[in-house]
Amino acid sequence: MSDAPVLVIGAGLAGLAAAVELARAGLPVLVADQAQTPGGAVHRQPLPGVRSIASPVQRRRWAGLMADVQAQGTRITLSMGTAFGGVDHTGAVLLTGAGARLFRPRALIVATGARERVQPRPGWTLPGVETAGSLQTRLKTLAEAPEGRVLLAGSGPLLLALGAELARLGRPPVAIVEAGRPLSHPIAALGLPMSYLREGAEYLLRLKLAGVPILAGSHLAAIRAEGGALVADIDTPKGRRSLTVDRIALHDGIASNDIGLPDCPALPVLRAGDCREALGARAALADGRAQGAALAARLLGQPQPAPAPEVARQRAAQALVARLHAHDGASRLAALPGDTVICRCEARTVNDLRALGPDPTDRQLRLDGRFSMGPCQGRFCAEWTARLAAPDTPKPRLGAPRWPARPIAIADLLATPDETQGDPA
Amino acid sequence: MSGHILWQDRAIAFRAGESVASALLRAGVIAFGQAPTGQARAVFCGIGQCQNCLVQVDGRLAEACLTPCRTGMHILPETGACDV
């Protein structure tokens, strides 16, 4: 059906950039996102009446993209508060929530962004422990930092960014525990693009002025709940120390949020932005445009456009960032106590994994072990389960696409208008 | 539109456009109850990927981080037996 819209899942940088390119080519586009406002994780918008804490560079990037979206008028429809339930073998897509419908789009662009990697540790399931991105989302929407003592731990540049934002909002973190030693390679760091260096220098200056200790080469080994607070046991190069705090934000990098998401032979499906390759905001914008233009050319029978050079530049920059933060943290997985929860959804532990015997098959992991079978679809355990089960196999073997793509209430399913009746399946 | 939601029997103020999770956390409510597995319900990913913050919203199971507050909304911990 040539009048059916192209469906874009995700109203962040990549999704909206793709939508703009499709609309410019004359194609109607429907953009669905489960959040209430566009922006994705990076450009999460403040609540009405709240000032934005985004940097001028970030604000310009978002305003420019939104102007491009608005310039396309009715060719782009935004459906917020609308979740993607999945696509079946006939190309029928289920959306639930505010824009609930069962219909057949002309094509699909999946731009569901990144997920945070968070390495399991004893106590990582306690209330008050969340991902760094989760805490940052609240800073962006509220323009205020939470009360109490906050500890940031794990590895990656987001910890420095979040620490600097907390400091700017007047409540700096107690410390930043960074497994790598990103500040110990100043010569190598000079290979980063100027925008990265400027951003990093700003964060470090703000953290320095606020007196935030950065414990490099250190690991948050375990978290305990004690007297209404959280006690963090930290392995530093000088030995173990403990910090008592109220909240802990964890982060061990980002990865594509493509777990459990489908391909479908009945219609073209493309991935865009962090969902295709987790390279951050700069690449997501360029890749969204490139994938949108590529899909438009394919649908209209035109020659494929050249690949976006910006994505290759960002790939090189992100690889260097990863090298600067390199650490041996992954080897700590093998040393986790047996009662450490790996699968948060179903409370499956290291011991449960070991009970499956040496070199368990995917089937044993999933059906006997119940790993990556919970409602998060393995987003937060598949990587660690795969590494623990088969340390020499780098590629996770879990997280195959499933229908539905997320938990859906039967009441929602029944209430969804079915627009596929009479369509050729 | 700001207003109040009910967490169990306690009135919690929310700001216009705020999620249930955000309003509860600002009010000092960090633990949202217990899953049938015994795991604590609480905010973890904050963006609707992990399902760790499930609560009952007016009797239906929903992610606190994705649910916008509406005045009078009644939030309860998950019991493991609600929803359809």
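Rules used in this analysis
- Residues numbered from 1 in each chain as written.
- Chains lettered and ligands numbered in written order.
- Predicted model: local features only at pLDDT ≥ 70, side-chain atom pairs only at ≥ 80, totals over all residues.
- Heavy atoms only, no water.
- pLDDT = per-residue confidence, 0-100.
- Helix = DSSP H or I, 4+ residues; strand = E, 2+ residues; numbered from the N terminus.
- Buried < 20%, exposed > 50% of the residue type's maximum accessible area, 1.4 Å probe, protein only.
- Contact = heavy atoms within 4.5 Å.
- Pairing = 2+ DSSP bridges.
- Axes fitted to C-alpha atoms, helices over the stretch in contact; angles between N-to-C directions.
- Core = buried A, V, L, I, M, F, W, Y, C linked by side-chain atoms within 4.5 Å.
- Domains from an automatic or database assignment.
- 1 Å grid on protein atoms, 1.4 Å probe; cavity = no way out; pocket = protein on both sides within 12 Å on 5 of 7 lines; lining within 4 Å.
- Points joined across faces, edges and corners; volume = space filled by probe spheres on them.
- Nonpolar A, V, L, I, M, F, W, Y, C, P; charged D, E, K, R; others polar.
- Phe/Tyr/Trp six-rings, centres within 6.5 Å; stacked < 30°, edge-to-face > 60°.
- Lys NZ or Arg CZ within 6 Å of the ring centre and 35° of its normal.
- Buried area = accessible area lost by both parts, 1.4 Å probe.
- Salt bridge = Lys/Arg side-chain N within 4 Å of Asp/Glu carboxyl O.
- Polar contact = N/O pair within 3.5 Å; in protein donor to acceptor, adjacent residues only side chain to side chain.

### Points about the confidence of the model for chain B
Piece 1. Put simply, chain B has an average pLDDT of 92, and 94% of its residues get 70 or more.
Piece 2. Listed scores for the predicted complex are pTM 0.95 and ipTM 0.95.

### Let's talk about the environment of A:Asp263
Residue and element names in this part refer to chain A.
Piece 1. Relative to the elements of secondary structure, Asp-263 occurs in the loop between strand E17 (254-256) and strand E18 (269-271).
Piece 2. Overall, Asp-263 belongs to the exposed group, its relative accessible area being 57%.
Piece 3. For the pair Asp-263 and His-89, spaced 174 residues apart in sequence, the C-alpha to C-alpha distance is 9.1 Å.
Piece 4. When near neighbours in sequence (up to four residues on either side) are disregarded, Asp-263 contacts Val-269 and Arg-271.

### Comments concerning the sheet that holds strand E13 (residues 219-226) of chain A
Whenever strands of a sheet pair, they do so through backbone hydrogen bonds, lying parallel or antiparallel.
Residue and element names in this part refer to chain A.
Piece 1. If you trace the three strands from one edge of the open sheet to the other, you get E13-E14-E15, paired in antiparallel fashion. Among the strands making up the open sheet, the edge pair consists of E13 and strand E15 (239-245). Averaged over all adjacent pairs, the angle separating strand axes in this sheet is 20°, with direction ignored.
Piece 2. Where E13 meets strand E14 (residues 229-236), seven bridges bridge the pair, whose relative direction is antiparallel.

### Focus: the nonpolar core
All names here are of chain A.
Piece 1. Leu-151, Leu-220, Ile-234, Ile-248, Leu-250 and Ile-342 are the most contacted members of the largest nonpolar core, which totals 38 residues.
Piece 2. Each of domain 2 (129-252) and domain 3 (329-389) gives at least three residues to this core.
Piece 3. Not counting the four nearest positions on each side in its chain, Ile-342 is found in contact with Pro-120, Trp-124, Leu-336, Arg-348, Thr-349, Val-350, Phe-371, Phe-380, Cys-381, Trp-384, Thr-385 and Leu-388.
Piece 4. With 32 residues, the next largest nonpolar core counts Leu-13, Val-20, Met-66 and Ala-281 among its residues.

### Some points on the domain arrangement of chain A
Piece 1. Each assigned domain of chain A is listed with its residue range as follows: domain 1 (6-115 + 255-319), domain 2 (129-252) and domain 3 (329-389).
Piece 2. Just the C-alpha atoms count here: the centres of domain 2 of chain A and domain 3 of chain A sit 27 Å apart.

### What about empty space enclosed by the protein?
Piece 1. As enumerated under the stated definition, the model contains three cavities of 30 Å³ or more in all.
Piece 2. Considered as a void within the structure, the largest cavity measures approximately 50 Å³ in volume.
Piece 3. Surrounding the largest cavity, A:Gly128, A:Glu130, A:Arg138, A:Arg247, B:Leu25, B:Ile30, B:Ala42 and B:Val43 form its lining.
Piece 4. Split into classes, the residues belonging to the lining of the largest cavity amount to four nonpolar, one polar and three charged.

### Some points on the packing of aromatic side chains
Piece 1. Counted according to the given criterion, the structure contains three aromatic pairs over all chains.
Piece 2. On the numbers, 5.8 Å between centres and 85° between planes, the contact of A:Trp124 with B:Phe44 is edge-to-face. With one member in each of two chains, A:Trp124 in the loop between strand E8 (114-116) and strand E9 (129-131) and B:Phe44 in the loop between helix H1 (20-26) and strand E3 (54-57) form a pair that bridges those chains. With respect to class, A:Trp124 is no different from B:Phe44; both count as buried.
Piece 3. Ring geometry for B:Trp7 versus B:Phe32: centroids 6.1 Å apart, planes at 55°, classification tilted. Note that B:Trp7 is positioned in strand E1 (residues 3-7) and B:Phe32 in the loop between H1 and E3, a separation of 25 residues in sequence. The two residues B:Trp7 and B:Phe32 agree in class, both being buried.
Piece 4. If you follow A:Arg101 out to its NZ or CZ, it ends over the ring of A:Phe103, 4.0 Å from the centre.
Piece 5. It is A:Arg344 that lies over the ring of A:Trp124; its NZ or CZ is 4.8 Å from the centre.

### Describing unusual backbone geometry
Piece 1. Even without being a glycine, A:Ser372 presents a positive backbone phi close to 60°.
Piece 2. Within the secondary structure, A:Ser372 sits in the loop between helix H10 (362-368) and helix H11 (382-389).
Piece 3. Located in the positive-phi region is B:Gln51, a residue other than glycine, with phi close to 65°.
Piece 4. Here B:Gln51 shows up in the loop between H1 and E3.

### Considerations on the interface of chain B and chain A
Piece 1. Listed per partner, the contact involves 29 residues of chain B and 38 residues of chain A.
Piece 2. Sorting the residues of chain B by area buried against chain A places B:Gln39, B:Phe44 and B:Gln49 first, and these three jointly supply 27% of that buried surface.
Piece 3. For the interface between chain B and chain A, the tally reads three salt bridges.
Piece 4. A salt bridge links B:Arg15 to A:Glu144; the shortest N-O distance between them is 3.3 Å.
Piece 5. The interface formed by chain B and chain A holds eight residue pairs in polar contact (both at pLDDT 80 or more) in total.
Piece 6. Per-element accounting of the side of chain B that touches chain A gives the leading share, three residues, to H1(B).
Piece 7. Here the residues of the side of chain B that touches chain A are counted per class, giving 14 nonpolar, nine polar and six charged.

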